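Summary of structural features
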Amino acid sequence: MANKWVYMFKEGNAGMRELLGGKGANLAEMTNIGLPVPQGFTITTEACTQYYEDGRKINDEIMAQAMEGVKKMEEINGKKFGDLDNPLLVSVRSGARASMPGMMDTILNLGLNDDVVAAMIKGNPDPAFERFVYDSYRRFIQMFSDVVMEVGKKYFEQLIDEMKEKKGVKFDVDLTAADLKELAEQFKAEYKKQLGKDFPSDPVEQLKLAIEAVFRSWDNPRANVYRRDNDIPYSWGTAVNVMPMVFGNLNNESGTGVAFTRDPATGENKLMGEFLINAQGEDVVAGVRTPMPIAQMEKEFPEAYAEFIKVCETLENHYHDMQDMEFTVENKKLYMLQCRNGKRTAPAALKIACDLVDEGHKTPEEAVAMIDPRNLDTLLHPQFDAAALKAATPIGKGLGASPGAACGKIVFTADDAVAWAERGEKVVLVRLETSPEDITGMKAAQGILTVRGGMTSHAAVVARGMGECCVSGCGDINMDEENKKFTLAGKEFHEGDFISIDGTTGNIYDGQIATVDAKIAGEFGRIMAWADQFRRLKVRTNADTPADAKKARELGAEGIGLCRTEHMFFEEDIIAAFREMICSDTVEEREEALEKILPYQLGDFKALYEALEGCPVTIRFLDPPLHEFVPTTEDEIKKLADSKHKTVDEVKAIINSLHEFNPMMGHRGCRLAVTYPEIAKMQTKAVIRAALEVQKDHPNWNVKPEIMIPLVCEVKELKYVKQVVVDTADAEIKAAGANLKYEVGTMIEIPRAALTADEIAKEADFFCFGTNDLTQMTFGFSRDDAGKFLNAYYDTKIFENDPFAKLDQTGVGKLMEMSIRLGKPVNPSLHVGICGEHGGDPSSVEFCHKIGLDYVSCSPFRVPVARLAAAQAAIAEKAAKRNADSDSTSSSCDSKSFVDDETKAKLEEVAKKAEEVAKELAETSADVARAGLVGLKAGVDAAVKAYKENRKK
């Protein structure tokens, strides 16, 4: 049987998202609940996969089914594709299963050609209709050329600008039918100039090329970047939605809009959106014209507006979430073109989730599950200092499209934003309007400022999704992009000048404004409290200073999972003493130098214990190779030589001897403690003495240090260093006459440690996965250098994600699972955590939950992200178990006998008679036997049907 590649909207539903994509599934669902949707069809995501498997070609079977869909669409809509008398024009839109706003491509008005245009105008002599036809035609040529044939839209925009200048008008809508007709001819000529062939006139060819273009857009650079940032697998593919066109640009009784059932910036429960009269959807999202607020639609089209309000209510009640909708009004009649769960800022996400619980739409568990953990990052970023802001005077104002504060140097292109950011500059990207091609620059910038566009423009939507500050639609800016300058409030700003923007108010300020840490709204605490109820995983923080630890505790950290002691060594007094230790010739000299460091370490550790108030503190002993601590300037080398009574040349010789060809796999971690056990002794003394002092000061706290030995690859290594630690710690505790418990564990960051975890677990009280190094050593490439070639791996689809940002569950994850599986039986009390950067990545946290880790540890500002991700992992596991139990119960019910003894006896009697009949039939002619068997089957079928009906009752 042939594959089914195409589904009419009425054949689908919201549950078919994986096959139909989000847009197709929601169009089908809106159709099912009776909303006014132009009836079309969806080409499945499986067809996209097939397209790539076939070498980026649409096979005949897919195209044949698409044309069958067109035929059904013709029957439903009463128009014919390519017909001159009553032509059917269509839109072709992408639709992945996960929302990817602006990342892939759309083509409108497909099916137009010179003959269709002439026939349409001939059938309606109204000059306004003629203008509409040519407006649609020039739009189609431009969009098809750009999206399908990859002729840059800039060529066409230049022609439009030249035409408007020639005619002395400001907006496209002011161009006449004759102007647009001339533009259409210019566009076709430009197309031929760029490609060396005529613009295609066959609607079927146009459709096939457009479908291919949408499939191809799944692999375009901006879509690839968006997928990596949002954990969307390449294997999902995109669906294609083909719909009859409804025309917002038909006349002044038509229009188009984008709306949200709640404010996506604040979460307030009010309709928010924008509308343009005599326009197509691209005009709203591209910011070509600044639209009017959605409320004004009530005045222009009261009946359509009233119906739209009902649609909004219907969709929220149906999906139980804030909806993002695209719609068109044609001759005052409303058509719904799209709905989806709307992208929202982090504050809005929290407010909406809480409000939906209060309104009875969601349970607390569902509310926790619906929030993207990554968005919480944006809640915790700095805002403008209130006093500094009060003293500042805005020089301009746009729309506050995405909250937050941004301050940086002005750049005018996405490429410049990336380049400047790479060299450490903070930048604000200033554009006339952004386009999907700007995604990398938007990501690199601190904030985005646009001259054109509204709250639903590309810049606004994408910035909100990224949690980045954005001010859009500041029409007072006089932009000169070519010369990289603009004028605002009488001042000329150039590339490199500082500017500050407020994405909440839309205010723009000259120069730099001080920022402060963000304050967390009440909904944050409520969501986090729910999350903490549902999660199993504990969440700790990676903190090296009391300030970091304090901030992490404020954000809900339940301990320190990683304190990197080496970060403390770079303070001026400590680094001098440590350099003396490095240049020492004897154990005694080394111990003397380390004794100078001991008080500092003790003070640092004591401050951490106090900040954590009795929560666990894991202190990793010295990890980096010694060459990272040696002096580099002549003055520093001379100073060190004098302190050690050595010559400069002798010190330089020592420094040179520490050089390693591969220091990340060199003399570091526990290898330092094996070579110089006095380092481990000094750090143990500091850890234990600090703990004893804090325990004495706070007897109610549970102070229990966790000493972590890094980079272990052999159990005998750990055993040796552990003995040094235990001997020193026990002596300190005994000398103090105290009773202090402590643990000694290790990091699992070398593959061999994972492979021999059963041996290592005999000596370790805990494992902590250092997934930065474990990833590096498993893949065999340096995390410092991998960025030089990873882009090629993304382009060729070898990797979909940076393995240092998102845990490699297939390889590194397998080593983690193996470590737990081997270690736990040997040491049942072994507790296990993760302290690499992956500890704050939501998908990695979910994996850690799944394989049974006890905690994750991440940077302070990612603690809320990890808390929420851990809760979602537990909720997902619970839901999966519930579904499995349901399936099991259903299967069990199906297998049980619901037949009483009397019925069972009757069935056995019938079966016996059937067997006798069968034997008699076997002795008759074939024809008689066949007829008898048909009758017997009919009787059995009737019995089965009756049985099923009775069972239902």
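Now for a description of the structure that goes with this document. (Residues numbered from 1 in each chain as written. Predicted model: local features only at pLDDT ≥ 70, side-chain atom pairs only at ≥ 80, totals over all residues. Heavy atoms only, no water.)

This paragraph deals with the overall build of the chain. When you go through the chain residue by residue, the secondary structure sums to 37 helices and 33 strands. With the C-alpha coordinates of the chain rotated into their principal frame, the extents come out at 100 × 100 × 55 Å. Roughly 41,800 Å² of accessible area belongs to the chain as shown, and the carbon and sulfur atoms make up 50% of that amount. (Helix = DSSP H or I, 4+ residues; strand = E, 2+ residues; numbered from the N terminus. Areas by Shrake-Rupley, 256 points an atom, 1.4 Å probe, with all protein chains shown as cover.)

With that out of the way, let us pick up the packing of aromatic side chains. Summed over all chains, the structure comprises 26 aromatic pairs. Note on F140 and F199: the rings are 5.6 Å apart at their centroids and 90° apart in plane angle, and the pair reads as edge-to-face. Taken together, the positions of F140 in helix α5 (residues 127-148) and F199 in the loop between α7 (177-195) and α8 (203-217) put the pair 59 residues apart, joining distant regions of the chain. For the residue pair F140 and F199, the accessibility class agrees, reading buried in each case. Centroid distance F569 to F578: 4.8 Å. Interplanar angle 85°. Geometry classified as edge-to-face. Here F569 matches F578 in class, with each residue buried. In this structure, K333 packs its charged tip against the face of Y335, placed 5.2 Å from the ring centre. The cationic tip of K797 hangs over the ring face of Y234; the distance from NZ or CZ to the ring centre is 4.8 Å. (Phe/Tyr/Trp six-rings, centres within 6.5 Å; stacked < 30°, edge-to-face > 60°. Buried < 20%, exposed > 50% of the residue type's maximum accessible area, 1.4 Å probe, protein only. Lys NZ or Arg CZ within 6 Å of the ring centre and 35° of its normal.)

On the basis of which strands lie adjacent, the open sheet formed by eight strands has the order β14-β24-β23-β16-β17-β18-β19-β15 and mixed pairing. The outermost strands of the open sheet, each flanked by one partner alone, are β14 (396-397) and β15 (399-402). Summarising the sheet, strand β16 (residues 405-411) and strand β17 (residues 427-431) pair through three bridges and their orientation is parallel. Residue pairing in the sheet places I410 in a bridge with V428 of β17. (Pairing = 2+ DSSP bridges.)

We now examine the pattern of salt bridges. Tallying each qualifying case throughout the model produces 63 salt bridges. Residue D773 pairs with R668 through a salt bridge whose shortest N-O separation is 2.8 Å. Linking D773 in helix α31 (residues 771-779) with R668 in the loop between α25 (648-657) and α26 (670-675), this pair joins segments that are 105 residues apart in sequence. With respect to burial, D773 and R668 carry one shared label: buried. For D854, the salt bridge is made with K824, and the minimal N-O distance between the two is 3.8 Å. Taken together, the positions of D854 in the loop between α34 (842-850) and β33 (855-858) and K824 in helix α33 (residues 812-826) put the pair 30 residues apart, joining distant regions of the chain. Where salt bridges share partners, they join D135, R138, R139, D161, K164 and D172 into one cluster. (Salt bridge = Lys/Arg side-chain N within 4 Å of Asp/Glu carboxyl O.)

Taken in spatial order, the five strands line up as β10-β9-β8-β11-β12 in an open sheet, and their pairing is antiparallel. Each having just a single partner strand, β10 (292-293) and β12 (333-341) make up the two edges of the open sheet. In this sheet, strand β9 (residues 272-277) lies alongside strand β8 (residues 255-260) in antiparallel orientation, the contact comprising six bridges. Its bridge partner lying in β9, F260 is registered against M272. Against the sheet, helix α12 (residues 302-319) makes contact with β8, β11 (323-330) and β12, and its axis sits at roughly 25° relative to β12, the strand it touches most. (Contact = heavy atoms within 4.5 Å. Axes fitted to C-alpha atoms, helices over the stretch in contact; angles between N-to-C directions.)

This brings us to the side chain of E468. Relative to the elements of secondary structure, E468 occurs in the loop between α19 (458-466) and β19 (469-472). Although E468 is buried, it makes no salt bridge; K443 carries the closest opposite charge, 9.3 Å away. (Lys, Arg positive; Asp, Glu negative; His and termini not counted.)

Further remarks concern the nonpolar core. With 120 residues, the main nonpolar core has F578, I709, M816 and L853 as its most contacted residues. Non-local contacts of I709, meaning those with residues more than four positions away in its chain, are made with F621, C670, L718, V721, V725, V744, G745, T746 and M747. Counting 71 residues, the second largest nonpolar core, distinct from the first, contains C48, A66, Y134 and A184. (Core = buried A, V, L, I, M, F, W, Y, C linked by side-chain atoms within 4.5 Å.)

Here α5 crosses helix α6 (residues 153-167) at 155°, and the two axes come no closer than 9 Å. What the angle tells us is that α5 and α6 run roughly antiparallel. Here R138, Q142, S145 and D146 of α5 lie close against α6, whose contacting residues are K153, F156, E157 and I160. Of the residues in the contact of α5 with α6, the class split is two nonpolar, two polar and four charged. (Parallel < 35°, antiparallel > 145°, perpendicular 65-115°, else oblique. Nonpolar A, V, L, I, M, F, W, Y, C, P; charged D, E, K, R; others polar.)

Right, let's get into α33. Across its 15 residues, α33 extends 22 Å between first and last C-alpha, which sits within 8% of the 21 Å expected from 1.5 Å per residue. Along α33, the residues classified as buried are V812, G813, L815, M816, M818, S819, I820 and G823. (Expected span 1.5 Å × (residues − 1).)

Right, let's get into the environment of G506. Relative to the helices and strands, G506 is located in the loop between β23 (498-502) and β24 (507-510). Along the primary structure G506 and A401 are separated by 105 residues, whereas in three dimensions their C-alpha atoms are 7.3 Å apart. Look past the residues within four positions of G506 in its chain and what remains in contact with it is G396, K397, G398, L399, G400 and V471.

With that settled, the discussion passes to the pairing of strand β18 (residues 447-450). Where burial is concerned, the two faces of β18 agree: the one with G447 and L449 and the one with I448 and T450 are both buried. When β17 meets β18, the two strands line up parallel, connected through four bridges. Its bridge partner being in β18, V430 is matched across the sheet by L449. When β18 meets β19, the two strands line up parallel, connected through three bridges. Residue pairing across strands places G447 opposite C469, the latter belonging to β19.

As a further point, take the pairing of β8. In terms of burial, β8 is largely enclosed, as six of its six residues are buried. Two elements, β8 and β11, share six bridges in a ladder whose sense is antiparallel. Note that in β11 the partner of F260 across the bridge is D324.

So, on to the side chain of R227. Along the chain, R227 turns up in helix α9 (residues 221-230). D219 is the oppositely charged side chain nearest to the buried, salt-bridge-free R227, at an N-O distance of 4.4 Å.

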